[in-house]
Number of protein chains: 6
Amino acid sequence: MNPLVIDPIIKLALAEDIGTGDVTTNATVMPETMASAELVAKEDFLLSGVAVAQRTFSLLDSAIAFEPLVFDGQSVKRGNVIAWIKGPAIYLLQAERVALNFLQRMSGVATLTAKFVKEVQGTNAVIVDTRKTTPALRVLEKYSVRIGGGGNHRMALNDGVLIKENHIAAAGGITAAIKRAQQHAPHTLKVEIEVQNQDEVVEALNAGADILLLDNMSLEELRAAVELIGQRALTEASGGVSLETVRAIAETGVDMISVGALTHSYQAVDISMLFS
Amino acid sequence: MNPLVIDPIIKLALAEDIGTGDVTTNATVMPETMASAELVAKEDFLLSGVAVAQRTFSLLDSAIAFEPLVFDGQSVKRGNVIAWIKGPAIYLLQAERVALNFLQRMSGVATLTAKFVKEVQGTNAVIVDTRKTTPALRVLEKYSVRIGGGGNHRMALNDGVLIKENHIAAAGGITAAIKRAQQHAPHTLKVEIEVQNQDEVVEALNAGADILLLDNMSLEELRAAVELIGQRALTEASGGVSLETVRAIAETGVDMISVGALTHSYQAVDISMLFS
Amino acid sequence: MNPLVIDPIIKLALAEDIGTGDVTTNATVMPETMASAELVAKEDFLLSGVAVAQRTFSLLDSAIAFEPLVFDGQSVKRGNVIAWIKGPAIYLLQAERVALNFLQRMSGVATLTAKFVKEVQGTNAVIVDTRKTTPALRVLEKYSVRIGGGGNHRMALNDGVLIKENHIAAAGGITAAIKRAQQHAPHTLKVEIEVQNQDEVVEALNAGADILLLDNMSLEELRAAVELIGQRALTEASGGVSLETVRAIAETGVDMISVGALTHSYQAVDISMLFS
Amino acid sequence: MNPLVIDPIIKLALAEDIGTGDVTTNATVMPETMASAELVAKEDFLLSGVAVAQRTFSLLDSAIAFEPLVFDGQSVKRGNVIAWIKGPAIYLLQAERVALNFLQRMSGVATLTAKFVKEVQGTNAVIVDTRKTTPALRVLEKYSVRIGGGGNHRMALNDGVLIKENHIAAAGGITAAIKRAQQHAPHTLKVEIEVQNQDEVVEALNAGADILLLDNMSLEELRAAVELIGQRALTEASGGVSLETVRAIAETGVDMISVGALTHSYQAVDISMLFS
Amino acid sequence: MNPLVIDPIIKLALAEDIGTGDVTTNATVMPETMASAELVAKEDFLLSGVAVAQRTFSLLDSAIAFEPLVFDGQSVKRGNVIAWIKGPAIYLLQAERVALNFLQRMSGVATLTAKFVKEVQGTNAVIVDTRKTTPALRVLEKYSVRIGGGGNHRMALNDGVLIKENHIAAAGGITAAIKRAQQHAPHTLKVEIEVQNQDEVVEALNAGADILLLDNMSLEELRAAVELIGQRALTEASGGVSLETVRAIAETGVDMISVGALTHSYQAVDISMLFS
Amino acid sequence: MNPLVIDPIIKLALAEDIGTGDVTTNATVMPETMASAELVAKEDFLLSGVAVAQRTFSLLDSAIAFEPLVFDGQSVKRGNVIAWIKGPAIYLLQAERVALNFLQRMSGVATLTAKFVKEVQGTNAVIVDTRKTTPALRVLEKYSVRIGGGGNHRMALNDGVLIKENHIAAAGGITAAIKRAQQHAPHTLKVEIEVQNQDEVVEALNAGADILLLDNMSLEELRAAVELIGQRALTEASGGVSLETVRAIAETGVDMISVGALTHSYQAVDISMLFS
């Protein structure tokens, strides 16, 4: 991830946590005291965000040494040391919580994504994310979806065309909506459209849609749609996706399954910073 | 919540989601089209964040009318309408996802908090949050903890003194650390210190600590500590707190129980915006 | 254009021009003096940016009335009145230059684009822009390209895949590069790749590229490439495009012609604000 | 130019271009790949902005080495290498377009300015710029005017007094306006006033104006005004200035000629970054 | 003062004071409670900043009514009511301290300036400020100097040329320094130079300086310099200026006397907000 | 002080002072000229802010060497050298005024605080500050109060509970207000309440207030209140505090005396930067 992209959110988080200063540390720790610490996993998970954690420390004090022992995309076992950190105790103490807040959430996203990816192994389907991300953290959460083996849906409203029910109604039908998108949206973007049934699938294909979002369809409907579509467009299933249902959905032959839960219902993994 | 405090995070979230513009809506919806919509609950939960959702719409277009039918702190049943919204279709479509992203998460925090609060009903204990909040959203999550019936621990490193193990080590012991905090931190702040056993409890009390953080103690140890402390200081239990264990912890007589999960492991509740 | 997107650049421009205050106006004009003015075209052109001009005045003082008489996309003749403006003289005088700086440049882009579009009338080719835009003004310039009848290439590095020579070299060949893009970039994006000759065209098609950028090819090469490609991919010509050469390029049958000059070599049109 | 002044605009431009990340480069280039490149002139021009280009690379990645071979104010011939660049390929590719967008525009301003300056060689007249600059780029464009041999008019509304027609009307006449400016504007600023004819010239001189802006006067009128004024004030001609007319205007003896075209109608010069 | 100029500093001050929220008011006052209050003078002074105070309230809540009874530049007596304020109690309480912090300081500057101005009444001399202003408040303090009857020296390093000893040394002498400034600085600016003795006065005059800064000269030296200079340049005295010495300095005939104390040693006047 | 906390205010101050560039230095000093300088005390004072001054230079140019010879909290005599500075002359000249503006004010606060602290030597009383600080500089001024031997009251409205008259009225009495604060404010904060007489003291004690603000009481009333309160709460005196009255107030036995003058009526100390 580009520093220009992630630094602002890290600085915002540090400012939010430090406020006007760390009154406890300022009162009890001498500025010249040096300290060493380790980031230690307290459970098993898939790591994401180690560079963000590192950057959190270095943005607070560029003199802090941070040596990662594990990298994004690697599995971590309870008790593993993720990184060694060394520097002024006052800055280690002030960056600790923010670095962990990032690392625990990003690893949570990657770990949950990896579970979905594992469920669909052997099928065609790619697990992709949605825009149901945490405000301000989208770029970090979507990165973690990739680390977990998933793919990214659009990052913002400008880098993907996704025509939903309300757009269709406003444009006066599926064909009209697709034509307008082909004409007015940048040609670098595929045109994706939400369809509810076979008739809409046919109309969307004829109008030249690149991707069909098969929303809230039954397994049977999905299978029928996939067959009907063939190679003429990519297919994306969404709605009612959980770890329990995802395998069956994947086996219908869809190309992608979008899962809101990847970014709105993950749990932070447990990581501690231990001073040594 | 003060607009000066919440507007920046709402604007950041809108900018993140809209990017350089909504290519789908711009291509398919006329700027002059008006629309009406409802925010509808898709499950039961405790509402938090309706003013943030409202502000999200009005920051994008001050001409949008947003009428809440339910307010923060009220229970919402699946199918309930939370608010009516009316305005230019292009702005309803562009604010929808961001408003929901806030509302679903804030209600998630409030709902989880309320479960913990209900568990400890009839005891002395107040459920309080921690600094394990989502970067950039702390003020919204901590507000939602209050909505759920919990209390707030410090908002940042400057509005509470919490002396932990590493501070004690750096200061040269519990007594020294407390004395330094009393002398150097603002007198508006209570002095809280982490203690591990009876000896440390006694030392901290003698040094004049206002709050004792009883970290990772067994129920028995907690009970003994509470008895020993009496009214001389407030007590806060932390570590190993879950919906299963919280009742027993509360029954030890502690004044507060801090729960990281309130803000790091909640799930977004399910809310939709339906156009009418 | 979304106010959240354009307001920051307008405010930046006002701040840049006003500095710490308008010493001339403050010294010579009473704050309570009201004034009326007109924006008048001093040459013929295609209008773009009237809403940006309006927003410039209203961001400085929301009490200023600004009534546009002509709208973006309409032709304006020398002497036409573009808008009536009324409000405190001190704010009219302070917003004048900034509003004109935007309006003159945006109309310049639209006017130049319209010339290119007119040249290729009757052919298949769409005139599109590039990333050779003025720093900080991209969204305004690309909007003006659309107003002039052109289409937009990617807005930023995140909303389009364009594999160039250096990417190909780094990835180890055309096929490898396309495969990596298909796998790692969001599926909402088409994959475009730069090709230099027939062999590369064939390789790119076989690897599944969505768009072929035919860079710096002769007319003959373009024609051959277009024929070879058929409907299997979109084609974009670039390099050596001017008002003199664009027609012949379009007649080779390419789908798009990208023109850097649209945004890097336009001339500001002449517009004055006259007080009445 | 001071980094504190130029860094914000460079960062804004990088953020605008990179968006949420470079999907093409991230997909096709390994982070550890190193690359070398050259900035090469594709036409003859006067160089301006090499330090801005250098800063663009180093703000994205401080590890990039950038060695300029030519400096601002020097003439560059087609084919000349302007700078050598070496560093991580992913950052060279991401900074390339932004660095060129600055360098090509700044050199465009300097080159155009130099043409005007050459035209008036041997006369008294200094070519100066106006406030008709590109929003957000004023400081860079005005710097480039100096590089091209021109002089700067005021940078913003606070660092020069320029009393125009509307100010005169509001103040109740030329004398009143000048007196008010002398009294209320900082004494560090000269007082300049726009005059239309001989009577106004005389009134302005008597009131103590430091500079007379001779607006849209014929050559004859200019000559007469210059003679009448003598050494009592500086003179500035404006209106109808082009490369064709500027020599004759200069020969009327005016001290300065302000040229809007320097910053509103320059063309970007052609520069490429070639990987080696 | 332009809202675009003052709003950022007001918002910064509100954010600084409110932090993450007003815990006292939030706990004790209902959001719907309305309140009325008065700003009351607790001593005699010259008022400056009433519009800034008003803006502070309205930026926090645009629904607050603020009716000024006295305006900037008017004398206020102990007990006078400066403004009536009405609105939500929670916002009156949160804006109170910030509004007063501005108003008390700005009136302090105006009051001190007025004392200096009164001392030199009947002489030629204008009292002017320096760059020894409070960081972030310069525009407000310099405005208050004008309200107090003084004049403004340069607002920043870009809107005035002031050649000091070190510049002279670097440029290789007084004449060289002045020539370089005339050539390289914008022609809208006068050239001011610091001189220490008669020889330097003569050299500076011959080189064409517009203003001579007579630094730390005795009254006798000032008188001699003023006589020598005549009408050939403006004169500014600085150094050792106090309410005790200023009259004598003014009587030497200098045009301006710059006083650092106006902005670095004023005292906040006493104003209270009383709820009614 | 944490760089994340102070850097924004330093950058704001530099931007305010430099504007679009230092026209004098740019015209007269070569960029490559190196210079050395000293910060020299022109009067006796207590130093505060040397790290802020150092940071000011290094934020402008990280290559400047700044070696402090004295540190915050040490006494400085007229003529003492505070720091040696070495680097490019153009940056020394541009940072000089801003660095001094900070250092002179911060030392002014520390020096005034130390005078109050000295007055109360031998008593129990701690001198504390208020929220009557200079907008934007609070964190620097409150730091300087600590350097001068004082203590800090709350930094913002979120890190201390201080119930004043209007809160009491709104809450329906002293007891109700205290109960609400205990329930709704973070438990990390003590509850302070303003009381006017003995009855209020008793009510506040019974309700469990942690700190009583004894506002505008006579010495006799203060003594009585202190005796009545005993060890049951901390006591703070405020109102009518000056260097003349503070000793007598301290001798009443109060724990703290809050002094608005520390931050609203200090005088900048005199420091010069001398080039060598």
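Please read all numbers here as calculations on a predicted model, not as lab measurements. (Residues numbered from 1 in each chain as written. Chains lettered and ligands numbered in written order. Predicted model: local features only at pLDDT ≥ 70, side-chain atom pairs only at ≥ 80, totals over all residues. Heavy atoms only, no water.)

So, on to the relation of the copies chain B and chain A. For these two chains of identical sequence, chain B goes onto chain A by a turn of 180° and a shift of 0.0 Å along the axis, with RMSD 0.0 Å. The superposition of one copy onto the other is thereby described by a two-fold rotation axis. Across chain B, the rotation axis passes nearest the C-alpha of Ala136 of chain B, at a separation of 3.4 Å. (Least-squares fit on C-alpha atoms with pLDDT ≥ 70 in both.)

This paragraph deals with the domain arrangement of chain A. All names here are of chain A. The domain architecture assigned to chain A consists of domain 1 (3-111 + 267-275) and domain 2 (117-264). Overall, the association of domain 1 and domain 2 removes approximately 960 Å² of surface from exposure, summing both partners, and the carbon and sulfur fraction of that is 78%. By the criterion of area lost to domain 2, the three top residues of domain 1 are Ile9, Met106 and Val109, representing 47% of everything that side buries. The tally of links between domain 1 and domain 2 comes to zero salt bridges. Across the contact surface, domain 1 and domain 2 share three residue pairs in polar contact (both at pLDDT 80 or more). Secondary structure elements with two or more residues in the side of domain 1 that touches domain 2: α1 (3-18) and α4 (89-119). (Domains from an automatic or database assignment. Buried area = accessible area lost by both parts, 1.4 Å probe. Salt bridge = Lys/Arg side-chain N within 4 Å of Asp/Glu carboxyl O. Polar contact = N/O pair within 3.5 Å; in protein donor to acceptor, adjacent residues only side chain to side chain. Helix = DSSP H or I, 4+ residues; strand = E, 2+ residues; numbered from the N terminus.)

If you take every C-alpha in chain B and every C-alpha in chain D, the smallest gap between them is 8 Å, and the two do not touch. One finds no contact linking chain C with chain F; the least C-alpha distance across the pair is 8 Å. (Contact = heavy atoms within 4.5 Å.)

Contacts between chain B and chain A engage 59 residues on the former and 59 residues on the latter. Buried area between chain B and chain A, summed over both chains or domains, comes out near 4,800 Å², and the portion from carbon and sulfur atoms is 56%. Summed over the shared surface of chain B and chain A, the number is four salt bridges. Arg131 of chain A is the salt-bridge partner of Asp17 of chain B, the closest N and O atoms lying 2.6 Å from each other. Along the contact surface separating chain B from chain A lie 38 residue pairs in polar contact (both at pLDDT 80 or more). At the level of secondary structure, the elements contributing two or more residues to the side of chain B that touches chain A comprise α1 (3-18), α2 (23-28), α4 (89-119), α5 (138-147), β7 (161-163), α6 (165-171), α7 (174-184) and α11 (261-264) of chain B.

The subject of this paragraph is the interface of chain A and chain D. At the interface, seven residues of chain A touch seven residues of chain D. Here chain A packs against chain D, burying approximately 570 Å² in sum over the two surfaces, 64% of which is carbon and sulfur. Considering only the side of chain A, the residues that lose the most area to chain D are Asn2, Leu4 and Val5 of chain A, jointly responsible for 66% of the buried surface there. Where chain A touches chain D, the interface holds zero salt bridges. Summed over the shared surface of chain A and chain D, the result is one residue pair in polar contact (both at pLDDT 80 or more). In terms of residues, the side of chain A that touches chain D owes the most to one element, α1 of chain A, which gives three residues.

Glancing now at the packing of helix α4 (residues 89-119) of chain E against helix α5 (residues 138-147) of chain E. Residue and element names in this part refer to chain E. Where α4 meets α5, the axes come as close as 7 Å, and the angle between the chain directions of the two elements is 45°. Judged on the interaxial angle alone, α5 and α4 are oblique. Viewed along their axes, α4 and α5 form a crossing whose handedness is right-handed. Counted together, Phe102, Met106, Val109, Ala110 and Thr113 of α4 and Leu140, Glu141, Tyr143, Ser144, Val145 and Ile147 of α5 form the full contact between these two elements. Each residue belonging to the contact of α4 with α5 can be placed in one class, and the counts come to eight nonpolar, two polar and one charged. (Axes fitted to C-alpha atoms, helices over the stretch in contact; angles between N-to-C directions. Parallel < 35°, antiparallel > 145°, perpendicular 65-115°, else oblique. Left-handed = near helix turned anticlockwise from the far one by under 90°. Nonpolar A, V, L, I, M, F, W, Y, C, P; charged D, E, K, R; others polar.)

Time to look at the relation of the copies chain A and chain D. Of the transformation placing chain A onto chain D, the axial shift is 0.1 Å and the rotation is 120°, giving an RMSD of 0.0 Å. As the rotation angle and translation indicate, the two copies are arranged about a three-fold axis.

The subject of this paragraph is the packing of aromatic side chains. All names here are of chain C. Tallied over the full model, the rule gives six aromatic pairs over all chains. Here Phe57 and Phe66 contribute two aromatic rings whose centre-to-centre distance is 5.8 Å and whose plane-to-plane angle is 40°, an arrangement assigned as tilted. Like Phe66, Phe57 is buried. (Phe/Tyr/Trp six-rings, centres within 6.5 Å; stacked < 30°, edge-to-face > 60°. Buried < 20%, exposed > 50% of the residue type's maximum accessible area, 1.4 Å probe, protein only.)

This next bit is on the nonpolar core. Counting residues in each nonpolar core, the largest one holds 286 residues, and the members touching the most others are Leu39 of chain A, Leu39 of chain B, Leu39 of chain C, Leu39 of chain D, Leu39 of chain E together with Leu39 of chain F. Sequence-distant contacts of Leu39 of chain A, defined by excluding residues within four places in its chain, comprise Phe66, Asn80, Val81, Ile82, Ala83, Ile85, Leu100, Leu103, Ile271, Ser272 and Met273 of chain A. (Core = buried A, V, L, I, M, F, W, Y, C linked by side-chain atoms within 4.5 Å.)

Attention now moves to the sheet that holds strand β1 (residues 34-41) of chain D. Residue and element names in this part refer to chain D. An order of β3-β5-β1-β12 is seen for the four strands of this open sheet, with the pairing classed as antiparallel. Looking at which strands have only one partner, the edges of the open sheet turn out to be β3 (65-68) and β12 (271-275). Across the sheet, the mean angle separating the axes of adjacent strands is 20° when strand polarity is ignored. Sheet topology note: the β1/strand β5 (residues 81-88) ladder contains seven bridges and is antiparallel. Note on β5: the bridge partner recorded for Leu39 is Ala83. Along the sheet face, helix α3 (residues 50-60) touches β3, β5 and β12 and points at about 170° away from the line of β3. In the packing of helix α4 (residues 89-119) onto the sheet, contacts are made with β1, β5 and β12, and the angle to β12 comes to roughly 165°. (Pairing = 2+ DSSP bridges.)

So, about the environment of Val117 of chain F. Residues and elements named next belong to chain F. Relative to the helices and strands, Val117 is located in helix α4 (residues 89-119). Assessed through its relative accessible area of 24%, Val117 is described here as partly exposed. Sequence-wise, Val117 and Ile127 are ten residues apart; in three dimensions their C-alpha atoms are separated by 6.2 Å. Every residue in contact with Val117, bar those within four places of it in the chain, is listed here: Ile127, Gly148, Gly149 and Gly150.

Moving on, we get to unusual backbone geometry. Look at Ala136 of chain A: it is not a glycine, yet its phi comes out positive at around 85°. The exposure class assigned to Ala136 of chain A is buried, which follows from its relative accessible area of 11%.

Moving on to the packing of α1 of chain B against α4 of chain B. All names here are of chain B. At a minimum axis separation of 10 Å, α1 and α4 run at an interaxial angle of 130°. Taken together, the axis directions place α1 and α4 in an arrangement best described as oblique. Here α1 runs over α4; the crossing is right-handed. Between α1, through Ile9, Ile10, Ala13, Leu14, Asp17 and Ile18, and α4, the contact on the second element is made entirely by Gln94, Ala95, Arg97, Val98 and Phe102. Here the residues of the contact of α1 with α4 are counted per class, giving eight nonpolar, one polar and two charged.

Moving on to the pattern of salt bridges. Pairing is possible between side chains that carry opposite charge, provided their charged atoms lie close to one another. Counted under the stated rule, the structure contains 36 salt bridges over all chains. For Lys77 of chain D, the salt bridge identified is with Asp44 of chain D, shortest N-O distance 3.8 Å. Of the two residues, Lys77 of chain D sits in the loop between β4 (75-76) and β5 while Asp44 of chain D sits in the loop between β1 and β2 (45-46), which places them 33 residues apart along the sequence. We classify Lys77 of chain D as partly exposed; its relative accessible area is 49%. What emerges from the salt-bridge pattern is a single network uniting Asp17 of chain A together with Arg131 and Arg138 of chain B.

It is worth spelling out the sheet that holds strand β10 (residues 234-238) of chain C at this point. Residues and elements named next belong to chain C. Strand order in the open sheet formed by six strands is β6-β11-β10-β9-β8-β7, with parallel pairing between adjacent strands. Here the strands that pair on one side only, and so sit at the sheet edges, are β6 (126-128) and β7 (161-163). On average, each strand axis in the sheet is tilted by 25° relative to the strand beside it, whichever way the strands run. Here three bridges tie β6 to strand β11 (residues 256-258), and the two strands are oriented parallel to one another.

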